[in-house]
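# Examination of the molecular architecture
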Amino acid sequence: MSAYNFQTLAEDVALDCQAVIANKTVLVTGVSPGGLGAEFAKVIALHRPSLIILANRDPLKAQQTAKEILVIAPDVPTRLLKLDLASQTQVRNAAQEVLAYDEHIDVLVNNAGVMASPFSLSEDSVESQFATNHVGHFLFTNLIMSKLVRSGKSSRVVNVSSNGHQLGPVRFHDWNFDDGKNYDAWLAYGQTKSANMLFSVSLAQKLGSKGLTAVSLHPGTIQTHLGGGRWDELYESLIKWFTLLGYFRGGQNEILWKTLSQGVATHVFAAFHPSLTASENNGSYVQDCTVSKPEHVRSWARDPIEAEQLWKLTEEIMGEKFEY
C-alpha cells in the first residue's frame, strides 16, 4: 500500500481495499450522475460489493447512475431508494423501506448535500442547508440504526463534511439565522459541515462499543453540479470569508482544486480502509485519505460537549429522542 496524499486516486484506494469492499452492502445518499456519490458507487462497483443502494431525491437520476454501474459491473446489483433529506416525512418513509430490507447495511455514506444556497425554510421550518445536510441525515441514520448495529456485525457511517466547517460552528442559539434576517449562505454551510463532523463524534461515542465506526471527511474542492452553475460567484464570496477569517495570509487567495477521482478517494478510504476501525480513529475527520490530527481541526467541529449539544438540539427540532 502506497502513502496517500492530495493527488491519490479513488481507483488506487479501492484496489487497496478490494478485499474489504467485496460482499459488502453499501448505501450512499446523493448519487446524481457527475457527483461524488455516483462516482464513489461506480469506483467500488468494480470490486464486487454484494449490493449498492442508491438513495437520491430524484429517482430518475439514481436510475441513470444505476445504468452506468450496470455497464461497468453487470454482476453487481443496485437498488434505488427515494430519499428527500429536506422532508422529515419523506425521510421517515425512506427509512421504513430500508427497515424492510433483508440485508444488514455494512456501510452508510451520507454524501448528499447542498452548498451555499439562498435562504429558504424546509417544509419543517428548518433552514434548508441545515435541514438537508444535517437534520435529514441525522434522522435517516438513526431511524435505520437497527440495520447498521447488529450483534456480531460491524458497520461504518461516513458523513461527508468539508473544510467549510472552518467557516463557523453550530449556532446553537440561532441555527435558523433569525428566519433569514441575518443569513449568510457560507456561514450556514459552515454550520452544517461542523454538524456533520459532530454527528460522527456522537455516533462513535454512543455506538463505538457496539461495532459502529463513524468518521467524517473533506473530499477537497471539486467542480460538480453542487455549485449549481454559480461557481464564479460562490468562489469569490468564499475567498472573501477565508481571507476575513484568517485562513489566507500573505496574499494567498486561491483554493486548490481536485479531480472527481481525487475527491472520491477519501470517500473510499473513509468507507473501507481497515486503519479506521481502530478505536482511536473512531469519530475522526479524514482529509486526503489521512486521519487529521485534532490540532488541525477546529475545536467546534470535534468537541464532545458540542457534539452532545447538537444531538439534543436535533432531537428537539424533530421532536424525537434517540438514546443508545
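Residues numbered from 1 in each chain as written. Predicted model: local features only at pLDDT ≥ 70, side-chain atom pairs only at ≥ 80, totals over all residues. Heavy atoms only, no water.

### Some words on the packing of helix H3 (residues 36-45) against helix H10 (residues 260-272)
To be explicit about the condition: To obtain an axis, a line is fitted to C-alpha atoms, over the contacting stretch when the element is a helix, and the angle between two such axes runs from 0 to 180 degrees between their N-to-C directions. Starting at the N terminus, helices and strands are each numbered in turn, a helix being any DSSP run of H or I of at least four residues and a strand any DSSP run of E of at least two. Angles are sorted into four bins: roughly parallel if under 35 degrees, roughly antiparallel if over 145, roughly perpendicular if 65 to 115, and oblique for all others. Should the near helix be turned anticlockwise from the far one by less than a right angle, the crossing is left-handed, and should it be turned clockwise, the crossing is right-handed. Contacts between residues were defined by any pair of non-hydrogen atoms, one from each residue, lying within 4.5 Å. Three residue categories are used. Nonpolar comprises Ala, Val, Leu, Ile, Met, Phe, Trp, Tyr, Cys and Pro, charged comprises Asp, Glu, Lys and Arg, and polar comprises the others, including Gly.
It is at 9 Å that the axes of H3 and H10 come closest, and there the two elements cross at 65°. One way to sum up the angle between H3 and H10 is to call them roughly perpendicular. Remark: the crossing between H3 and H10 carries right-handed chirality. Mapping the contact onto sequence places Leu-36, Glu-39, Phe-40, Val-43 and Ile-44 in H3 and Leu-260, Val-264, His-267, Val-268, Ala-271 and Phe-272 in H10. Split into classes, the residues belonging to the contact of H3 with H10 amount to 9 nonpolar, 1 polar and 1 charged.

### Side note on empty space enclosed by the protein
Which entries qualify depends on this criterion: Within this scheme a cavity is a closed region of a 1 Å grid, computed over the protein atoms alone, that accommodates a 1.4 Å probe without allowing it to escape, whereas a pocket is open but has protein on both sides within 12 Å along at least five of seven lines; lining residues each have an atom within 4 Å of a point. Grid points are joined across faces, edges and corners, and a volume is the space filled by probe spheres set on the points.
Under the defined criterion, the tally for this structure stands at 1 cavity of 30 Å³ or more. Of the voids in this model, the largest cavity is the one considered here, and its volume is about 30 Å³. Forming the boundary of the largest cavity are Leu-85, Ala-86, Ser-87, Gln-88, Ser-122, Asp-124, Val-126, Ala-131, Val-135 and Gly-136. Among the elements that take part in the lining of the largest cavity, helix H6 (residues 128-143) stands out by supplying 3 residues, more than any other. Here the lining of the largest cavity is composed, by residue class, of 5 nonpolar, 4 polar and 1 charged.

### Focus: the pattern of salt bridges
Just so we agree on the cut-off: Between Lys or Arg on one side and Asp or Glu on the other, a salt bridge is scored when a side-chain nitrogen of the former is within 4 Å of a carboxyl oxygen of the latter. For each residue, the accessible area found with a 1.4 Å probe, counting protein chains only, is set against the maximum for its type, and the residue is called buried under 20%, exposed over 50%, and partly exposed in between.
With the rule as written, the count across this model stands at 7 salt bridges. Where Arg-171 meets Asp-174, a salt bridge forms, and the shortest distance between an N and an O atom there is 2.9 Å. Glu-308 is paired through a salt bridge with Lys-312; the nearest N and O atoms lie 3.9 Å apart. Of this pair, Glu-308 and Lys-312 are both found in helix H11 (residues 304-318), 4 residues apart, which corresponds to roughly one turn of the helix. For Lys-312, a relative accessible area of 45% corresponds to the partly exposed category. In the salt-bridge network here, residues are joined through shared partners; they are Lys-206, Glu-308 and Lys-312.

### What about the packing of aromatic side chains?
Basically, it comes down to this: The pairing test for Phe, Tyr and Trp rings, Trp by its six-membered ring, is centres within 6.5 Å, and the orientation test on the planes gives stacked under 30 degrees, edge-to-face over 60, and tilted for anything in between. Placement of a positive charge over a ring is assigned whenever Lys NZ or Arg CZ falls within 6 Å of the ring centre and within 35 degrees of the normal to the ring plane.
Inspection of every chain in the model, using the stated rule, returns 13 aromatic pairs. Three or more aromatic residues joined by ring pairs make a cluster, and in this case those are Phe-138, Phe-199, Trp-311, Phe-322 and Tyr-324. The side chain of Arg-79 reaches across the aromatic face of Tyr-101, ending 4.4 Å from its centre. Across from the ring centre of Phe-6, 5.0 Å away, lies the NZ or CZ of Lys-258, which sits over that ring.

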